[in-house]
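# What the coordinates show
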Amino acid sequence: MSGIAIMTSGGDAAGMNPAIKAAVDHARQLGMNPYVVYDGLEGLIDGKIKEATRELTNDMIYRGGTLLRSSRSKRFFDYEFRKQAYEHLKERNIDKLIIMGGDGSFRALNDFFNDFEVPFAGIPATIDNDIAGTDYCLGVDTAQNVILDCIDSVRDTARSHHRAFVIETMGRDCGYLAMTTALCSAAGYLHCP
């Protein structure tokens, strides 16, 4: 029976745990043996791969972040470490991957595919919402709503003291969160680099 490994990489985003559970359940329905990789690309290199039991995934949809933990990995861009990761997959008869992350995660697995022809599916999971070819990424809606809650909290104080407040959002090189929250909160000014 062929195996499939599910992993998260890069920054965590709301919705990763339900997506992990859905991927594991769907893999089972298709007759595959599902595995999970702990600690992202670093875990793939170090062989932190476990069978995805029902006990492991049962309650994960109610928890934030990613229960598989995550990492970024400079080592993964070195062929020798990618080969080490490939050997860990071969040992378990894993011939497919699902990764949840952003553009760096997808680029890393694209290099992995070019080296070892292990097909992968990417689930866009980044609050930046900057994955080409998709309208919406996991985590964006939650991030936007957290920002709007903060703005609502600050607005009363700003009015009380006749002051303007500067709200800075995350989003790396993408201004999506800044733009959408500025529109939703009727901000007086927006600056996106």
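Reference entry: report on the structure contained in this document. (Residues numbered from 1 in each chain as written. Predicted model: local features only at pLDDT ≥ 70, side-chain atom pairs only at ≥ 80, totals over all residues. Heavy atoms only, no water.)

### Remarks on the overall build of the protein chain
Of regular secondary structure, the protein chain possesses seven helices and five strands. From first element to last, N terminus to C terminus, the protein chain shows the α and β order β-α-β-α-β-α-α-β-α-β-α-α. Projected onto the principal axes, the alpha-carbon positions of the protein chain cover approximately 65 × 35 × 25 Å. Taken across its 193 residues, the protein chain has 42% of its residues classed as buried. (Helix = DSSP H or I, 4+ residues; strand = E, 2+ residues; numbered from the N terminus. Buried < 20%, exposed > 50% of the residue type's maximum accessible area, 1.4 Å probe, protein only.)

### A closer look at helix α1 (residues 16-29)
Note that an α-helix has 3.6 residues per turn; residues three or four places apart therefore point the same way. Under the 1.5 Å per step criterion, the end-to-end length of α1 is 20 Å for 14 residues, consistent within 8% with the ideal 20 Å. By the burial criterion, the buried members of α1 are M16, N17, A19, I20, K21, A23, V24 and A27. Close packing links the buried residues of α1 with β1 (3-8), β2 (33-37), α3 (54-57) and β4 (94-101). In the segment just after α1, G31 is the residue with positive phi, at about 85°. (Expected span 1.5 Å × (residues − 1). Contact = heavy atoms within 4.5 Å.)

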